[in-house]
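For reference, the chains in residue letters:
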Amino acid sequence: MSLYDDAVLVLKGYEDQPELRQTYLDHLAAHPDGMWKACHAGHLTASALVIDPSRGQVLLTLHKKLRMWLQMGGHCEPQDTSLEAAALREATEESGIPGLTLLPGGPVTLDRHPIPAPCHWHLDVQYAALAPAGAAEAISDESLDLRWFAYDEVADVADESVVRLLAATRARL
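Residues numbered from 1 in each chain as written. Predicted model: local features only at pLDDT ≥ 70, side-chain atom pairs only at ≥ 80, totals over all residues. Heavy atoms only, no water.

Student: What is the right way to look at the packing of aromatic side chains in this model?
Tutor: Between two aromatic rings, the relevant description is the distance of the centres plus the angle of the planes. In total, this model carries 1 aromatic pair according to the counting rule given. Ring geometry for W69 and F149: centres 5.0 Å apart, planes at 75°, overall edge-to-face. Of the two residues, W69 sits in strand β3 (residues 69–70) while F149 sits in strand β8 (residues 143–150), which places them 80 residues apart along the sequence. This pair shows no difference in class: W69 is buried, exactly as F149 is. (Phe/Tyr/Trp six-rings, centres within 6.5 Å; stacked < 30°, edge-to-face > 60°. Helix = DSSP H or I, 4+ residues; strand = E, 2+ residues; numbered from the N terminus. Buried < 20%, exposed > 50% of the residue type's maximum accessible area, 1.4 Å probe, protein only.)

Here is the structure:
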C-alpha cells in the first residue's frame, strides 16, 4: 500500500473532527501529490507528542525556524510506509529517544495551519508517542532546544494546537 493510500485509509477511519477530516480527504482527492512537500497547495505532515505519563510530562522541541515550542513532527519522506511510521520516525529523530511507541488507536487530532510560501498549508496528522522508562532526549539539528514540561506548564509555553493535542492525548490515556 502506498503512503497516499494509507493516509486516505487512516483519515476515513478517524472519527473525530469530521469537517477537518473531510478537508484532508478532499485535499488528497484533488492533489495526488498531497503527501509531499512539493505540493504547494499544501501537504500532509505527521507529528507526535512525546509523553511520559508516569512523570506527567511531555517533551517539546523549540523549533529552529518557527522559534516555538511544538511537538515533534514534519514532512513525510519516500521511505515512510504509513503516517504512523512517519510520525514515529519524526518523533525519534527529533527527540533522540529510541524505543518510542505510538499510543494505540491511530491519530489523536488533526491540525491544519498556514505556512510560509511557496506552500500554503500543513495538514498535520497528530499522534502521541509514549517515552520508555528512563528516556534521555538528545537535541537534533532541527531544534534549538528540547525540554520536558509538566502537563500544566504546556499552555504557558506552547500554542493552542499543542494544548489541544495534549488534552486529546490525556483523554485517550
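Student: Would you mind going over the pattern of salt bridges with me for this structure?
Tutor: If charged atoms from side chains of opposite charge come close, those side chains can pair. Evaluation of the coordinates by the stated rule reveals 6 salt bridges. Across the pair E90 and R89 runs a salt bridge, and its minimum N-O distance is 3.1 Å. Comparing E90 with R89 shows no difference in burial state: the two are buried. With a closest N to O distance of 3.3 Å, E93 and R89 form a salt bridge. Note that E93 and R89 are positioned in helix α3 (residues 83–95) at a spacing of 4 residues, about one turn of the helix. The exposure class of E93 is partly exposed, given its relative accessible area of 40%. Overlapping salt bridges, with partners in common, bring together D80, R89, E90 and E93 in one network. (Salt bridge = Lys/Arg side-chain N within 4 Å of Asp/Glu carboxyl O.)

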